[in-house]
Every structure is written in C-alpha cells, then in structure tokens.
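Chain residues, written in single-letter form:
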Amino acid sequence: MRSYEVIVIGGGHNGLVCAAYLARAGRKVLVLERRSRIGGAALTEEVFPGFRFSVFSYVVSLLRPEIIRELELPRHGLHILPLESTLTPLPNGDYLAQWNDHDQNRRELARHSLRDAEAYDEFGRLMHQMSRAVKPLLGMTPPDPASFSLKDLLGLARLGRYFKGLGKGEFHALHKLLTMSSADYLDEWFESEALKATKSASGTIGTLLGPRSPGTAYVLLHHYMGEIDGVFRAWGFAKGGNGSVSQAIAAAATASGAVIRTEAPVARVLLAGSRASGVVLEGGEEIRAPTVISGADPRRTFLDLVGEKHLPGELVASIRRFKFRGASCKVNLALSEAPSFTCLPGPGAHLRGAISISPSVAYLERAYDEAKYGEPSRRPYMDIVIPSMIDPAMAPPGKHVMSIFVQYAPYAVNGGWSDARREAFGDTVIETLAEYAPSIKSAILHRQVITPADIERSLGLSEGNIFQGELTLQQMFFLRPAPAWSQYRTPIAGLYQCGAGTHPGGGVMGAPGRNAALTVLADGR
Amino acid sequence: MSSRAIVIGSGANELVAAHRLARGGFQVIVSGEGSDSGHGDIGWAPPQVIRAFALERNGLVIDRPDPWAAAPLAAGGRLELWCDMARSVESIRRLSPRDAAKWPEFCARMACLAGFLEAIYQRAPPDPLSLKFALHARLLGRQGLVDLLRLLPMSVAELLDDWFESDALKGLLGAAGVMHLAQGPRSGGTAFRLLHHHVGSPPGVFRPPRSNIRKVLAKLPGIETRAGKARSIAVREGRVVGVVLESGDEIPASMVLSGADPRRTLLELADPGWLDPELSRSVQHVRRRGVVARVTLELDRSPGFSTLAIAPSLDYLERACDDAKYGGVSRLPYLEACCDERHRVEVHVQYVPFGVEDAGLVERVVKALSAHLGGAAVAARAVSMPADLEEREGWPGGQLHHAELTLDQALWMRPVPQLARYRTPIAGLWLCGPAMHPGGGIAGACGWNCAGEILASRP
C-alpha cells in the first residue's frame, strides 16, 4: 500500500487547491471525498437527461488570480465566459440593466437617474480603490492579536503598517464599508431604487441578514475585486458549469502526483496522543499520514471529526457559537425554450447576463423580515443565470437550463423542512418569477429545488451555509473560525483546516486552500 | 476680544466646555440655545469633570434608580434588575436558574470592556493605528481583547442569545442596546450600544444615571450667559469672527464652540460655502434619524413602580423596529416608563419615526401600561413626537445623540472622520455637542474633550 504524507479531507475546491499546492511542493497527498464526484459545492451534474447544471454555486467571480496562474488552470481546462450584464426587471414593466460596456451602461442609468449615472463612475473608482486595499489581506494569514509570540507581534506590526500605508482617507472608507449596511451605504451614492436594491442584494448573499443590516456593505466590494486583476473577467461563468473549476484544480493536483479517492467518507481523525496520525473511514479502514488537513466546515471538523473531548473547552465553546444559519436556496430548471421577460420580450443580450429580482430595497428587506422569524420569503430575492445561453452544451439543442439562487429560505424554518415545504417554496419561486416572465410556467420541463437542509444533507455543510459559516465581521479575519485558531492550525499537532470556514471565507475563492497549504509548508511538513 | 470664546448652547456639554476654557484663561460667553426641560440630565458624568469643577461640593446629585430596570412578567410579578448584584440574581433565578448563575460572569466581562471604553471616552478619540492604542487594548488580556473584537460588531441579540435563555431578561437588556437607535436588536453594532450605556456604571447596571449636572454647572461662576438663540456664525477669510444672535446683535469673538449638530453648525449657522464639497457631502450624510416619542402621564396616585419597561422579548423589539423600517409607528412599541414622586410618569416610546403622525399613539401607550399602573387613574396626558423633541430639546431630527451612535459613526469616525477631533475647517470654530466623540447619554464628555483639544492646540 502506498503511504502518504498528507491527507486532505474533502474534495471541494479548497481541499483540491490545498492538495494541488502541496503536491506541487513534492508532498505525497491523498484527497478523500465522501461523494462519488469531487467538487463539493462547485459541481456540474446532469440532473435531468441532457440538461447539465451547476447544481450549487453557479458563477465564478472571486477565484484568486494567483491560483489560476500558479496552478495553470486554463491549461487544465478552465475556461471562463463573461457574464455581460445584470438585468433587474421592475413590477411596472420597466427594467434597469447594468452593462459591462461603459457608455451603454451610462445611457441606461441616465434613463433612471442622471445623478446616478454621474455618481456611478466615481463609486466604481472608490470600490476599485477599496478592493486594492483589501486584496492583500485575503492572502494573509491573520496574526493573533492577543498573542505575545514574535511572529504574531511582527504580523500585527506589519498589519498596522499596512493600514497606515493606506492613508487616513482609505482607512476610514474601509471602516465605513465594514460597519455599514449596504442600504445606508448606497443611499449616500444613489437614488434609483432598482440600482440600490440590486447592488445591496449582493451584500446579503449567504447570510441571514437584510440590506439594512450593518455589516453587509463590505460584500459590495466582491463585485469589484476580480476586475482589477485584469487576468479574466470578474463575473463569469465556467464553461461546462462550475464543476469544471473543480475538475481543472483536480487535474492540476493529479498532474503533480496527488491521489484523489471518491466515495471515501472520513468518520474521524486518528489521534496518537495529541497528534494527528491519519483518518478512519466510515467503513473502518484506517489511513495513516502525519499531516491531516480538513476542508470540512469548523463544526464538522472540530466537533465531529475530532471530538470535543480532545479539544480545549474554549475552542469548543467558540465553535458552538459560530453562526451558520444558511438561508440560501437553489432552484434549477430545465426549460423547453428560452425565457421571455415582459420588460424586454424575446431573445437578447440581457439573457446572457444575470437577472436579478430585486425591485427595491424594501422588497429585499421584507423578504429578510419573514426569514428572520423562521418563514421562507413570500416574495424572495433571486439571482438568475441561463448558462445554456452562453454555453450551449449545457442543454439539448433549442432547450435551456436556468439556475436560480434564492433568498431567503431559512435553515431553521418553523416546523422544519419537508418535501411538501420544499415544493411549496419552489412554487413561490416560480410564481414570483412568472410575474416578470409569464411564459416561464409552461416552459418548465423539470424542476430541482435545493433547500439549506438539502445542502447540509448532500454536501455536509452545516445548516446549509454556503460559506461554511456566516461572513460577518465577528466571524472574520482573526476570529474565523475561532480566536487563536485562525491561522489554519488546530490544537491537534498535524491537523490543519483549509475550508471556507477559515480566513478569508467562501465564494469559490480558493484562498483558504492556498493559505492553508502555505502554512503547512512553512511548518516544514 | 482676542481670547473671547462664545459657546452656542447651554447643555451639559456646552457648560463643561465653557468652564474648562474659562479655567484656561478665556473670556467665555454662553449663548443659550435649547431649554431646560426639567427632566434632569440623563448620563454618566465623567469623574474628571466632577473633580475638576468640584461638582459634588457644589450640589451635584446623582440619581440612580434602584431597581434600574424592571419588566412585568406574563406569569405575574416582575423581573427586577438592581444595583446590588445579589438581588438581581435572586430576581433572575425565578425565571431561569441557568441565567441567574451566568449573570455575575456576564456582568464582570461587560464591566471589563466598559472600563476600556471609559478611559477612551474621557479624551479625544484615539488613533486606532497608533502603538499607544494597541498597547492599551493589549492590557485587556486575551479574554478581554477577544471579547472586545467579537462584541463590537455583534448584534445585541446575538450577544444575549450566547449567554441567556430567558426572553424577559434578553428583552430588557436588548432594549438598552437599541434605545434611541433606528435599528432593531438583530442589527450588528447594537451590542456596542449596550456597552455604551454601561460605561460609568457599576457592574450589572446597564443604564446611566440622571443628575442635576446642568443646573450645577450653570450656577458656577466664571462664565457669562447671554440669553437668545444664535442665528448665524460670522466668518471672515476662513476665520470665525463672532456670533449673530436672533435679535440681530453681533458678539465678536475669535473662537466659537457649537453644541449644535454638525449639519446645523456647518451648513446652517455658518455659510456652507466655507466647506469643501466633499466634507459638505459627508456632513449631509450623517445619519440622525429620530425614533422616539415621549408620553407624559399624570396619575392620581403611585403606580407602584419607579421604572418599568415593556420589552418582553428580543423578537418584540425587532418587530417594533420592523414597522419603523417601512416608515410606520410600531404597532406594539417598546416602552420605558419612569415615575417620579409626584406620580408623573414619563414614557419613552420607541419606534416613532420623525415626521409621522399617529393620533392614537397616546391611547395605545396608556392601554399597554394600564394593567401595570396598580389601579391608578390617568389624570392628564401629553405627547412629544420626534419633531416636538427637536423643537424643545434641540435633538436634530428627534435624535438624542445628534448623530446616531453606530459603529460607522463612533470613535474616530464620529460624526465624520474629518471632524472627529472637534475642530472644523473654519479656523476658530469647534464642535462640542453629542454628535462628537464619545456621543450622547454622557453628561459633559464631548464638551470636556473639545475644550481639552482647544487648550492643547494653543501655541
């Protein structure tokens, strides 16, 4: 039997990124994936015959350019097709479109508000500036602010110098972004409801928070972060679905010698004293390795795979407090024809972009209000893409696949999720969509509805949170996932974390996987 | 006239600033704006201020209600939180022995953080990137530092859910996190508000006391008081030259301190042309949404409480805020009633957005309280809507804090970073009101810090 130096638990994109970096550094790496296919939440599946879906995550926006470059992902099959626009249909039959083309975008915004058209460029410049300020933090291992070790003190000093270097203006702008609600923040810039709503909606993704909740403004940056790298379009769609992101990373890993085993569910981490010595699979098989890296979320890693009796009480308490509260739902539709929106009937460039059901900030806030008391939104927010418009191979000729990201459907729904409940929510989604595209109902051939409970069951993401834990300020940077344990290490020697539950979090970024691999290598493992 | 300073406003902040400047050798004229409502001043008076002006010897009376908070329980009886920790524990135990057991540790952890803020509150806002600030924070120790970093951005609901299980207790404490704020207890940053109200109080007391500090300060010698509101601030060549009163009289001065909020000071009292457009825009964006109405009831006898809150759970508070988010008055508002010895009950009613009419509000408040008045009859009633509070108390937009005390408008960000050190781009014009660090609900700290900056900036 082959022996391994490193075992990575979970073949999601972060686990694969971590494995690829370690394999490239010459480590003998084994990736263990519970399901029959790798990819975790970045997965393409032929859910209905002939119709292929990015089942869970559905766009590529934040994948770190250095990872694409260093792992040579394009050579391994990654091809990103740009999403050109965002269309927001409005209840009055009008619409607001945001285009990548600057002049076209300006004309469209001016139709709604001259002031907004003027402010838009300046806003974009500020966001770019802020993204540049935040970007170096994503690749950084967070120093422990309470530690007295030389490394942490140096890290803190470096962080302080970095913020000082930003200058007061940028530091204060960053402070505002981190602490404000996206609605309040956008109110300072724009007046058009549809524009404010569509932008602020992105701040609530993955979190049980509304556009008026403080802390949501920061995520506005995410839409600007990729573009400045100039490597590829920020907001894109992977050819072949998001599963091809995972496939490309896996190909990079195996090309460097990593071994990937599917249908190999890990039951627990093997310990020898206070050190990790391998893993036990659910079937009882033991696989030994001196270094084990978990791509599972913090709750599963610490409370299930390790077990609280092996951990300090303080860490256990922190992990128990760590908030998941998944509230995102996914509806995948197989369509007999392309949808037609009342505001822009028939085919057109707008169908090649995203379509956002977010007519006003109050609409989104009401959707959140229902969810915070445990009810699915009656009029949910939706972010829709039609991948087959860009990549025809996703559906049979003339037919289409539609991917609908929906909020809010709280994990802890009153009375719990059931099949009936799930389908009822699916109906709500279709009814809401039909208000803007009436022909959609008769075009549906198949429908797949995935609730947070389904996400938890099929992917093992606690409470169905797509980011492995809410991305709020109190769960970020040196607090993610727990104070003193935000540096990818754990109290168990040889056990590391590499999932989105660590800094800088989720969104198919790959950064946690890369940072974890660099930490493991720095530790001389 | 070269060392003459005019202070606009006669609240605790303005008077503290006036006296501190007078001690520093300035000739100080206080130009009264706003009236004394006679309710007493809510707010912790910083020890530095009390010491500097020997306020205790001059008749300062600090009134700390005990119990400081009480809530009626559905099952009968009341939850009462006292200044005496053991009595609070006893009261909480009837609801939940588990919560009672946790109360002392919760209070100790919060008191540690409040102590950190207390030090920060008594001087101009720190530079967050300075070594001094970093060292100061490190003195909290690992537990304190982690608590601070976690707690600041948190919602008060999340904080309380971490610790307690009783809805009544969480509702009562959560109310302190949202008081005077246009947000609900599930909004991030409200845990910080709970801490803000705790500063200066003993462990386990999350409500600032009342005092007669304004009256005491007004009687102290050393400053001159001029009746009449300020109409404008006269500026020539970028420098303050005096204040024009409503009567048309101009008082020349080389320095003016304004207790009014920055928007009124810089865009109304002074000519907005002196500001660069970017600062002017930031000042216009300072959020100051009023959400409180005040209902006053005269009772024929004692209702049997000194303080009583209707905030039975965090969800109750959140729902009350939900109505206001869409521009309405809370159907079931959060109420905080205080009764004085003449059986006059003053009720804090939240959320009542600025500019919204609600003819039935007083009736709803009376109805909500009727079961708790111990059979006393309501002899007279009056209501002050946010617009009335703006008029009578000088709260811009009905907002007590002048600028909502949220994390993006606190500390070095208060009210906007360019103004955080009390000075303005107009030479000689300073800000000393509650829109400045450390904010409202603290008697005199903004004025103390402002005067400190002025004295330190003298050549």
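About the cut-offs
The residue count restarts for each chain, going from 1 along the sequence in the order it is written. Numbering of ligands from 1 and lettering of chains from A proceed in the order in which they are written. Local features in a predicted model are, by the rule used here, given only for residues with pLDDT of at least 70; side-chain atom pairs are given and counted only at 80 or more, and totals for whole chains, interfaces and linings are based on all residues. The term nonpolar core refers to a group of buried residues, namely Ala, Val, Leu, Ile, Met, Phe, Trp, Tyr and Cys, whose C-beta atoms join them within 7 Å. In this scheme the burial state of a residue depends on its C-beta neighbours within 10 Å: 20 or more other such atoms mean buried, 12 or fewer mean exposed, and anything in between means partly exposed; the C-beta positions come from the backbone. What counts as a helix is a DSSP run of H or I of at least four residues, what counts as a strand is a run of E of at least two, and both are numbered from the N terminus. Placing C-beta atoms from the backbone, we regard two residues as in contact once those atoms come within 7 Å. The pairing criterion is simple: DSSP has to find at least two bridges between the two strands. Inter-axis angles, ranging from 0 to 180 degrees, are taken between N-to-C directions of lines fitted to C-alpha atoms, where helices are fitted over the stretch in contact. Start and end positions for the domains come from either an automated domain assignment or a database one. Residues are grouped as follows: Ala, Val, Leu, Ile, Met, Phe, Trp, Tyr, Cys and Pro are nonpolar; Asp, Glu, Lys and Arg are charged; all remaining types, including Gly, are polar. Think of pLDDT as the predictor's per-residue confidence, scored from 0 to 100.

(A) A look at the nonpolar core. Ranked by size, the top nonpolar core spans 161 residues in total, and within it Ile7, Cys18, Ala19, Ala20, Val29, Ile249 and Ile293 of chain A carry the most contacts. It is helix α1 (residues 13-24) of chain A that contributes the most residues to this core, eight residues altogether. Not counting the four nearest positions on each side in its chain, cysteine 18 of chain A is found in contact with Val8, Ile293, Gly295, Cys498, Gly513, Ala516 and Ala517 of chain A. One finds Leu195, Val286, Val365 and Leu419 of chain B within the second-largest nonpolar core, a separate group that totals 131 residues.

(B) Main features of the sheet that holds strand β11 (residues 250-252) of chain B. Residue and element names in this part refer to chain B. Ordered by their spatial adjacency, three strands build an open sheet running β9-β10-β11, and the pairing between neighbours is antiparallel. The open sheet terminates on both sides in strands that have one partner only, identified here as β9 (230-236) and β11. On average, each strand axis in the sheet is tilted by 30° relative to the strand beside it, whichever way the strands run.

(C) Highlighting the domain arrangement of chain B. Residues and elements named next belong to chain B. Along its sequence, chain B is organised into domain 1 (4-62 + 211-287 + 405-457), domain 2 (82-207) and domain 3 (292-396). For the side of domain 2 that touches domain 3, the elements supplying multiple residues, two or more each, are α7 (156-163) and α8 (167-178). Examining the composition of the side of domain 2 that touches domain 3, we find that eight residues originate from one element, α8, more than from any other. Partitioning the side of domain 2 that touches domain 3 into residue classes produces eight nonpolar, five polar and three charged.

(D) Spatial organisation of the interface of chain B and chain A. In this complex, chain B contributes 25 residues to the contact, which on the side of chain A involves 28 residues. Secondary-structure elements contributing two or more residues to the side of chain B that touches chain A are α6 (141-151) and α13 (314-325) of chain B. Looking at the side of chain B that touches chain A, the element that brings in the most residues is α6 of chain B, giving five residues. The residue inventory of the side of chain B that touches chain A, partitioned by class, reads eleven nonpolar, five polar and nine charged.

(E) Representation of the environment of serine 10 of chain B in the model. Here serine 10 of chain B lies in the loop between β1 (4-8) and α1 (12-23). Separated by 258 residues in sequence, serine 10 of chain B and glutamate 268 of chain B have C-alpha atoms that sit 19 Å apart.

(F) Here's a closer look at the sheet that holds strand β18 (residues 444-450) of chain A. Residue and element names in this part refer to chain A. A sheet is described by the order of its strands in space; here seven strands give the open sequence β7-β6-β15-β16-β17-β14-β18, paired in mixed fashion. Pairing within the sheet leaves two strands with one partner each, and these edge strands are β7 (95-99) and β18. Across this sheet, the average inter-strand angle for adjacent strands is 20°, counted without regard to direction. The pairing of strand β6 (residues 85-89) with β7 spans five bridges and is antiparallel.

(G) The arrangement of the pairing of strand β13 (residues 291-294) of chain A in detail. Residues and elements named next belong to chain A. Taking every second residue as pointing to the same face, both faces of β13 are buried, with Thr291 and Ile293 on one and Val292 and Ser294 on the other. Across four bridges, strand β1 (residues 6-9) lies against β13 in parallel orientation. Pairing of valine 8 across the sheet is with isoleucine 293, part of β13. Examined bridge by bridge, β13 and strand β19 (residues 495-497) share three bridges and lie parallel to one another. From the neighbouring strand, valine 292 faces β19, where its bridge partner is leucine 495.

(H) Looking closely at the pairing of β9 of chain B. Residue and element names in this part refer to chain B. Inspection of the sheet shows β9 paired to strand β10 (residues 239-245) by six bridges, in the antiparallel sense. Residue pairing in the sheet places isoleucine 233 in a bridge with valine 243 of β10. Connecting β9 to the next strand, β10, in antiparallel fashion are two residues, including glutamate 237 with a positive phi near 50°.

(I) Geometry of the confidence of the model for chain A. In the predicted model, chain A carries a mean pLDDT of 94, and the fraction of residues at 70 or more is 98%. Note on residues 228-233 of chain A: pLDDT under 50 across the span, and ten contacts to partners over four residues away in sequence or across chains.

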